Every structure is written in C-alpha cells, then in structure tokens.
Amino acid sequence: MYDPGQLRTFLAVAQTLSFTQAARRLGLRQSTVSQHVRRLEDAAGRTLFTRDTHSVELTEDGEAMLGFARRILEVHEQAAAFFTGTRLRGRLRFGASEDFVLTRLTEILEAFRHEHPEVDLELTVELSGTLHEQLAAGKLDLVLAKRRPEDPRGESVWHDRLVWIGAERLRIDPERPVPLIVYPPPGISRALALEALERHGRAWRIACTSGSLNGLIAAARAGLGVMAHARGLVPPGLVRVPDRAGLPELGEVDFVLLHGAAGRGRDQGGAGAALAQAILAGGDRLHRAAR
C-alpha cells in the first residue's frame, strides 16, 4: 500500500520540515519530493503536512505516519539484506555529540547492532567541536553533531533553533552580567552564545562550565544561570527564558552526519553508510527523550 521511496521522502521532509532540504538530502528535484508526498497522502487518504510559503508542519496524521514509516522501512531493509545475503563486517568508530545523551539515539544504535551483529561499533560521546576535530584527524568514521551556520559540510539530519533555557524560577537582572552555563571550548553552542552576547554588547560571566550535558542540566536546574540549547531538545525541568529577559537571539543550528575520509575499507564504509541511513530513517527519535 505504501511505496518505500515515498516513505523515505516523507521522512526526509518530516525531519527537515523543508521540501527544499529534503530534495537536497535525497538528490531529487523539489517537484519530485512534492509528488511523492502527494501520492503518499492520496494512498493514506489523509493530509500529512500543512504547508505555506513560509513553513512546513506535520499534522496529527503526519505524526502518526512517522512511526509507521520508520517501521515499514526497517522491515523492508531487513528483508532486502536477508535475501541479498549481504553481511556487514568490520569496525565502525561513531561519534555523537553530548546533545543526544537524553534522546532515543540508543534505540537506533541497538537496532543497528541487532541487524549487523558482525560490526564492531565503538561509540564516542563528546562536544560537537571536539568530534569535528577527531573526524578531521582520522580518529572517527562517522559523526552526528551540530555544525556552525556557515559550515556547508555534512548531511542534514534536522534543522533547529538555539534558545536560552534555565530554571523556571530564574530571573535575569538586566543591570548585571548574564550568568552563563556552558560547555568548555571548542563547544559550538558556547561559541554561538558568546558571539550573540558580544554582538549585542551584553555583559556576561561564566557561572558554570561542564563537559557533560548532565552537568550543565544540574547547574541550570539549580538556578546558577542560563544555557544555549536546541529548541527541540530542551531537557525536563528546564524552560525557555522569556523574551522579556532581553537576551539576544541565538540563531539557527543544523545537526548533521559527517563521514570520515574515504578509502578505509569497503566493509567499514558499508557499515558507516548503513548506520547513517538508520539515523536518517529514525531521525524523529532524536527529538524525543529516552525512556
């Protein structure tokens, strides 16, 4: 009933909330992406997106289709791998940024291990900036991390906006430096927060530094200050700082997949491509808290 190609297109649009970005990711024309979505909506008999010239949003039926599409594609790929007899082997060094500690990335990795038991998966959790450095040094094969707005590299998993977050009871005194809770250098969210404050001439001070997301969350929940964080990944117990606090806009951020240099072996490259596809297919899980 549902064409796998149309389901992949639907997932790409749902994750990027952009027909243009989905077309770029899939290597299709934007008109083809629109056609795939329209045909899938015809097959389902439901509207999956509301869209105008400025925005694309999932409907309630579209949210429901996310789970179905992901499961259908997983089974489709399992059947294809079984009957073609392909078995991936080798070692895959995968790096994920601290942003994903509290998400359901573990479910994607667990499913990948189940489907490819002969791949030795090594996981590194670090700051996005550090992961970029390790990838460039040849220490990682695949990275899921933030990138700076001006950086064109990587395959977009989803597009988000950075926002200021903190404890609900926290109040920012406009006459005093903004208390910041930040990752150490070379954290990308740290750099973007400091750049935004400097551009607007707002004084700041470092109230807490931690290399772990859990450390930052603990400090924020204790009311020590504010932190820059992806809007779609706000941890429980923290809220967006209201506009009346007068903090500057932080801008947008992309979460991307980046592959290491080619030529490290066919098996390793195949494993990296397979995990990248699994992350793209299950990208909606990355917006949800781990259970």
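This one's a predicted model, so the numbers in the text were calculated from it and none came from an experiment. (Residues numbered from 1 in each chain as written. Predicted model: local features only at pLDDT ≥ 70, side-chain atom pairs only at ≥ 80, totals over all residues. Heavy atoms only, no water.)

Draft legend 1. The arrangement of helix 8 (residues 213-221) in detail. Here helix 8 has its buried residues at L213, L216, I217, A219 and A220. Within helix 8, the buried residues cover an arc of 165° as seen down the axis, which keeps them to one side. Note on helix 8: the residue one or two positions beyond its end, G223, has a positive phi of about 80°. (Buried < 20%, exposed > 50% of the residue type's maximum accessible area, 1.4 Å probe, protein only. Helix = DSSP H or I, 4+ residues; strand = E, 2+ residues; numbered from the N terminus. Arc of directions from axis to C-beta.)

Draft legend 2. Local environment of empty space enclosed by the protein. Summed over the entire model, instances satisfying the criterion amount to two cavities of 30 Å³ or more. There is about 60 Å³ of room inside the largest cavity. Mapped onto the lining of the largest cavity, the elements with two or more residues apiece are strand 7 (178-182), helix 7 (188-199) and strand 9 (227-230). Looking at the lining of the largest cavity residue by residue, the classes come out as seven nonpolar, two polar and one charged. In this model, the second largest cavity occupies a volume close to 30 Å³. (1 Å grid on protein atoms, 1.4 Å probe; cavity = no way out; pocket = protein on both sides within 12 Å on 5 of 7 lines; lining within 4 Å. Points joined across faces, edges and corners; volume = space filled by probe spheres on them. Nonpolar A, V, L, I, M, F, W, Y, C, P; charged D, E, K, R; others polar.)

Draft legend 3. Focus on unusual backbone geometry. The omega torsion across P185 and P186 is 5°, close enough to zero to call that bond cis. By secondary structure assignment, the location of P186 is in the loop between strand 7 and helix 7.

Draft legend 4. Molecular detail of the confidence of the model for the chain. Of all residues in the chain, 93% attain a pLDDT of 70 or more, and the chain-wide mean is 88. No element of the chain has a lower mean pLDDT than helix 9 (residues 266-281), at 76, and none a higher one than strand 7, at 97. (pLDDT = per-residue confidence, 0-100.)

Draft legend 5. A look at the packing of helix 1 (residues 4-16) against helix 2 (residues 19-26). Two elements in contact, helix 1 and helix 2, have axes whose closest approach is 8 Å; the angle formed by their N-to-C orientations is 130°. Taken together, the axes of helix 1 and helix 2 are oblique relative to one another. Both helix 1 and helix 2 take part in a crossing whose hand is right-handed. Where helix 1 approaches helix 2, its residues R8, T9, A12, V13, Q15 and T16 are matched on the opposing element by F19, Q21, A22, R25 and L26. (Axes fitted to C-alpha atoms, helices over the stretch in contact; angles between N-to-C directions. Parallel < 35°, antiparallel > 145°, perpendicular 65-115°, else oblique. Left-handed = near helix turned anticlockwise from the far one by under 90°. Contact = heavy atoms within 4.5 Å.)

Draft legend 6. The environment of I72, seen in detail. Here I72 shows up in helix 4 (residues 60-84). Classification of I72 by relative accessible area gives partly exposed; the value is 31%. Along the backbone, I72 and S97 are 25 residues apart, and their C-alpha atoms lie at a distance of 28 Å. Sequence-distant contacts of I72, that is, excluding residues within four places in its chain, are made with Y2 and L7.

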